[in-house]
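Remarks on the overall topology
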Amino acid sequence: MEGLILIGMFLAILCFHVPIMIALGMASVLYCLITNTVPIDMITNTYFTSMDSFPLIAIPFFILAGDLMMQGGISKRLINFCLSLVGAIMGALGMVTVLASMIFAAVAGSGTATVACIGGMTIPEMLKQGYEKGFACALAATAGALGPIIPPSVAMILYGVICGVSITELFIAGVIPGIMMVAGLVLLVHFVAKKKGYGANVLEDVKAGKIMPVGKAFKEAIWSLLVPAIILGGIYSGMFTPTEAAVIACDVALIVGIFIYKEFKIKDIPAIIRRTAVTGGTVMLLVATATALGRLLTVEQIPNKIAETIIGVSDNKIIILLVINLFLLLVGMFMETYAAIIILAPILLATVVNVGVDPLHFGIIMVFNLTIGLCTPPVGVNLFIASRIGECSLDRMVKPLLSMLGVLLLVLMLITYIPALSMTLPALLR
């Protein structure tokens, strides 16, 4: 009964359009004050202890690296390089949106940052090339979902910290699912563009020599491509930890932006850091408040009851994973990704481990599943960012979005029921 009161208060506060971070904190504090079953000291202590984690330091640094890449001209050169690779193919700019999002995600680790940066540059260009506005915005929002999948990933860092799973192995396990997602979206873009004639004039640009040759584009983008190569190469080789990689990413992006591309000056750094502080601080406060709510749910044995309910549906591993996927898809539609991971990962992990699912494999399933929530109404953050960039209403984005979500759901089912797609690379590199 007490657990239902806690959940009910949280949902009631959300109904007043209170930000989820504040709603989480208010629900926890009010519950302690009203019921007196848990001392409020536990909440305040949890706020501090939840952030006392070395791996969590990576989150604000990866956010800063993404901002530095955007301001330093790195993203612009990545887009030019990708366009030079696929410029002669129908739907080239749509494909570039996906490919550039993949490369940018390998530094930023954030879906929202990927949409804001890559979508901010490619959506206006797609509209100029005749892409339907709803399709262009939906594609940028969906491609932005690569942020939490392509390593390094803030969502994977949170899951690894909470569930005691190697963050490096999570990063490695996300490579193949990320590539599958990219391949599926690229094929979809090509099919739709060919059918509707999107980007036909880019073929004329190729013939007229307006698209930069691959060699020249690669030469200009070499430093941009080195940033993710240094980060991922260092992590996988064991030279530095994911947390150290986040700091190195900032250093490299800073040096390239100021001294090589010269896109911004040292005097611009404080403004960039202020933006990062706001975003990073919000995420860390979300971690603190969500962890406190999760602790209360555990005290009231809600995790055990949810696990019993899921197992009560069936003791078949396939059915249990299907039920959990449907549950997470529903959660992702209404709850912010990081909060959902913090609250639900310990709850659901205990259930799937009992039926023989590896915690590493489940981490990829959970992150991929909740990532889909970034581009599904009503709380799809990526959708709102893309709609603002393209000045497009959400209802115009729904129809093209459905086919893209279909691709993501297909990939989700494949990685859920074919563990080798996630587990092979980590096993080879152990």
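Quick note: structure is the one above.
Right, let's walk through the structure included here. (Residues numbered from 1 in each chain as written. Predicted model: local features only at pLDDT ≥ 70, side-chain atom pairs only at ≥ 80, totals over all residues. Heavy atoms only, no water.)

Let us look at the nonpolar core. Ranked by size, the top nonpolar core spans 156 residues in total, and within it Leu24, Tyr159, Leu344, Phe362 and Met366 carry the most contacts. The contacts of Leu24, once residues within four sequence positions are left out, are Phe10, Leu286, Thr289, Ala290, Leu293, Ala339 and Ile343. (Core = buried A, V, L, I, M, F, W, Y, C linked by side-chain atoms within 4.5 Å. Buried < 20%, exposed > 50% of the residue type's maximum accessible area, 1.4 Å probe, protein only. Contact = heavy atoms within 4.5 Å.)

Attention now moves to unusual backbone geometry. One non-glycine residue with positive phi stands out, namely Lys262, at about 55°. Along the polypeptide, Lys262 turns up in the loop between α14 (242-260) and α15 (269-299). (Helix = DSSP H or I, 4+ residues; strand = E, 2+ residues; numbered from the N terminus.)

Let us now look at the packing of aromatic side chains. For the structure on display, the rule yields one aromatic pair. Ring centres of Tyr131 and Phe135 lie 6.3 Å apart, and the angle between their planes is 25°; this geometry places the pair in the stacked category. What makes Phe135 buried here is its relative accessible area of 3%. Sitting over the face of the ring of Tyr261, Arg77 holds its NZ or CZ atom 3.8 Å from the ring centroid. (Phe/Tyr/Trp six-rings, centres within 6.5 Å; stacked < 30°, edge-to-face > 60°. Lys NZ or Arg CZ within 6 Å of the ring centre and 35° of its normal.)

In this section: helix α18 (residues 337-354). Between its first and last C-alpha, α18 extends 24 Å over 18 residues, near the 26 Å set by a 1.5 Å rise per residue. Most pronounced at Leu344, the bend in α18 amounts to some 50°, and the proline Pro346 follows within four residues. Burial analysis of α18 places 14 of its 18 residues in the buried class, which makes it a mostly covered element. Gly356 lies just past α18 and shows a positive phi near 90°. (Expected span 1.5 Å × (residues − 1). Bend = angle between axes of the 7 residues up to and from the residue.)

A few words on the packing of helix α9 (residues 154-163) against helix α19 (residues 359-372). For the pair α9 and α19, interaxial distance at closest approach is 10 Å and the crossing angle is 140°. Here α9 is positioned oblique relative to α19, judged by the angle of their axes. The interaxial crossing formed by α9 with α19 has right-handed handedness. Along the contact surface, α9 presents Ala155, Met156 and Tyr159, while α19 presents Pro359, Phe362, Gly363, Ile364, Met366 and Val367. Broken down by class, the residue content of the contact of α9 with α19 amounts to eight nonpolar, one polar and no charged. (Axes fitted to C-alpha atoms, helices over the stretch in contact; angles between N-to-C directions. Parallel < 35°, antiparallel > 145°, perpendicular 65-115°, else oblique. Left-handed = near helix turned anticlockwise from the far one by under 90°. Nonpolar A, V, L, I, M, F, W, Y, C, P; charged D, E, K, R; others polar.)

When charged atoms on two side chains of opposite charge get close, those side chains can pair. Inspection of the entire model under this criterion finds two salt bridges. For Arg77, the salt bridge identified is with Glu263, shortest N-O distance 3.3 Å. Of the two residues, Arg77 sits in helix α5 (residues 74-86) while Glu263 sits in the loop between α14 and α15, which places them 186 residues apart along the sequence. Assessed through its relative accessible area of 15%, Arg77 is described here as buried. Among the residues examined, Glu263 registers a relative accessible area of 33% and is labelled partly exposed. (Salt bridge = Lys/Arg side-chain N within 4 Å of Asp/Glu carboxyl O.)

Remember that the coordinates give geometry; whether it matters functionally is a separate question.
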